[in-house]
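This is what each chain is made of:
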Amino acid sequence: MTSAEAGSGDRFPRALTGDRPTGPLHLGHLVGTLQNRVALQETHRTFVLVADLHMLTTRLDGIADSETNIREDVLGNLAVGIDPDKATIYLQSQVPETAELFLYFAMLVSVSRAQRIPTLKDKLRELQIARPSYGLLGYPILQAADILLMRADVVPVGPDQASHVELAREIARSFNERFGPVFPAPTALVTRGGTLPGTDGSPKMSRSLGNTINLFDDEETVRAKVMGMYTDPSRIRATDPGHVEGNPVFAYHDAFNADPNEVADLKARYVAGQVGDVEVKKRLVVAMNSVLAPIRQRRHDLLAENPSVVEDVLRSGAKQARSEAADTISTVRVAMQLDAFE
């Protein structure tokens, strides 16, 4: 069944994306999803989810920090260019229909299917969780509820999250076949930027690993993090030939240095043993702060213009999201014949 057959028709295409508010947004988010969101809001009816319910699957002990993290998440989205007049930014817990749809979808997915999500095993290993909760096992189903509640056609994700969207597609098809054409089958829009390595050389930048450069880090913090970055471990002296491939410092240069000639020169001299790590990192500090300075300034300006900007954006977003959610749930209840006593 196609998206059009599931009722999307000629409507403006929709996209849903979001973050778990478990800490500051960082450069991995910028490369992995945020830049893509800014582009999507020009072509799609875009919903930006602040997924505080998802946070609970691994951070029950972090609830005390949730208000700060939610505020920083919203400010991060706004600072990189998300326009609340073009995109709906909303808090997951303020749309209770999400939990209702999650319940219905949970009846359509077997335990064995949920356990086959690759990132679940990665998360258990990363966070050293020996006995996962039912909530953590079910979080891909909750994600499907987020996606389909807004009837999203596309979901921008990193390569490691594509399996989550595939499960949402399976759930949409299963529901449509059993109850009628209610949902579009969403498509994963795998981001072009790929995955940014951590400052410690890990394959992925992650808040839980503490290897991030955050969007709102000040200049000195950025300098300290860059100068302490993992680089080629086989290189002892600046005159030793170095490796560019797999070197996080050069991965960051490729992603953020606006001067390709400088990057090419640094790479050539690094391989030839004609430049040291210190110079390469100092050049990266300049490039990184050039990228982050306007983001930091935008955050400052937003709060200076309206100290209640986060509350205002979330209040408006909740109203819009709940209107969409109510329409979807009404259609779902009719399809499932749960509306007899309404």
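The structure reproduced in this document is the subject of the present report. Not measured: the values here are computed from a predicted model.

## A few points about the pattern of salt bridges
Stage number 1. This structure, assessed with the given rule, holds 21 salt bridges.
Stage number 2. Notably, a salt bridge pairs Arg269 with Asp265, separated by 3.1 Å at the nearest N-O pair. Residue Arg269 and its partner Asp265 are both found in helix α13 (residues 260-271); the two are separated by four residues, about one turn of the helix.

## So, the pairing of strand β1 (residues 14-19)
Side chains on a regular strand alternate between the two faces of the sheet.
Stage number 1. Counting buried positions along β1 yields five of six residues, so the element is predominantly enclosed.
Stage number 2. For β1 and strand β2 (residues 45-50), the ladder comprises six bridges, and the chain directions are parallel. Counterpart to Ala15 in the pairing with β2 is Thr46.
Stage number 3. Chirality of the crossover, the property in question, places the unit of β1, helix α2 (residues 27-40) and β2 among those that are right-handed.

## Points about the nonpolar core
Here is a general trend for soluble globular proteins: nonpolar side chains tend to be buried in one another's company.
Stage number 1. With 43 residues, the main nonpolar core has Leu101, Phe105 and Phe183 as its most contacted residues.
Stage number 2. Of all the secondary-structure elements, those providing two or more residues to this core are β2, α5 (97-106), α7 (118-126), α8 (134-137), α9 (139-149), β4 (154-157), α10 (162-179) and α15 (309-335).
Stage number 3. Here this core gets eight residues from one element, more than from any other, and that element is α9.
Stage number 4. When neighbours within four sequence positions are excluded, Leu101 is seen to be in contact with Ala145, Leu148, Leu149, Phe183, Ile329 and Val332.
Stage number 5. Among the nonpolar cores identified, the runner-up in size contains 28 residues, and Val31, Ala79, Val226 and Val275 belong to it.

## Quick word on the packing of helix α11 (residues 219-227) against helix α14 (residues 277-305)
Stage number 1. The interhelical angle for the contact between α11 and α14, taken along N-to-C directions, is 145°, at an axis separation of 9 Å. Once α11 is placed against α14, the crossing between them reads as right-handed. Residues Glu219, Val222, Arg223, Val226 and Met227 of α11 form the contact with α14, whose own contacting residues are Val278, Lys281, Lys282, Leu284, Val285, Met288, Asn289, Leu292 and Arg296.
Stage number 2. Of the residues belonging to the contact of α11 with α14, the class tally is eight nonpolar, one polar and five charged.

Conventions we followed
- Residues numbered from 1 in each chain as written.
- Predicted model: local features only at pLDDT ≥ 70, side-chain atom pairs only at ≥ 80, totals over all residues.
- Heavy atoms only, no water.
- Salt bridge = Lys/Arg side-chain N within 4 Å of Asp/Glu carboxyl O.
- Helix = DSSP H or I, 4+ residues; strand = E, 2+ residues; numbered from the N terminus.
- Buried < 20%, exposed > 50% of the residue type's maximum accessible area, 1.4 Å probe, protein only.
- Pairing = 2+ DSSP bridges.
- Right-handed = clockwise from strand over helix to strand, strands pointing away.
- Core = buried A, V, L, I, M, F, W, Y, C linked by side-chain atoms within 4.5 Å.
- Contact = heavy atoms within 4.5 Å.
- Axes fitted to C-alpha atoms, helices over the stretch in contact; angles between N-to-C directions.
- Left-handed = near helix turned anticlockwise from the far one by under 90°.
- Nonpolar A, V, L, I, M, F, W, Y, C, P; charged D, E, K, R; others polar.

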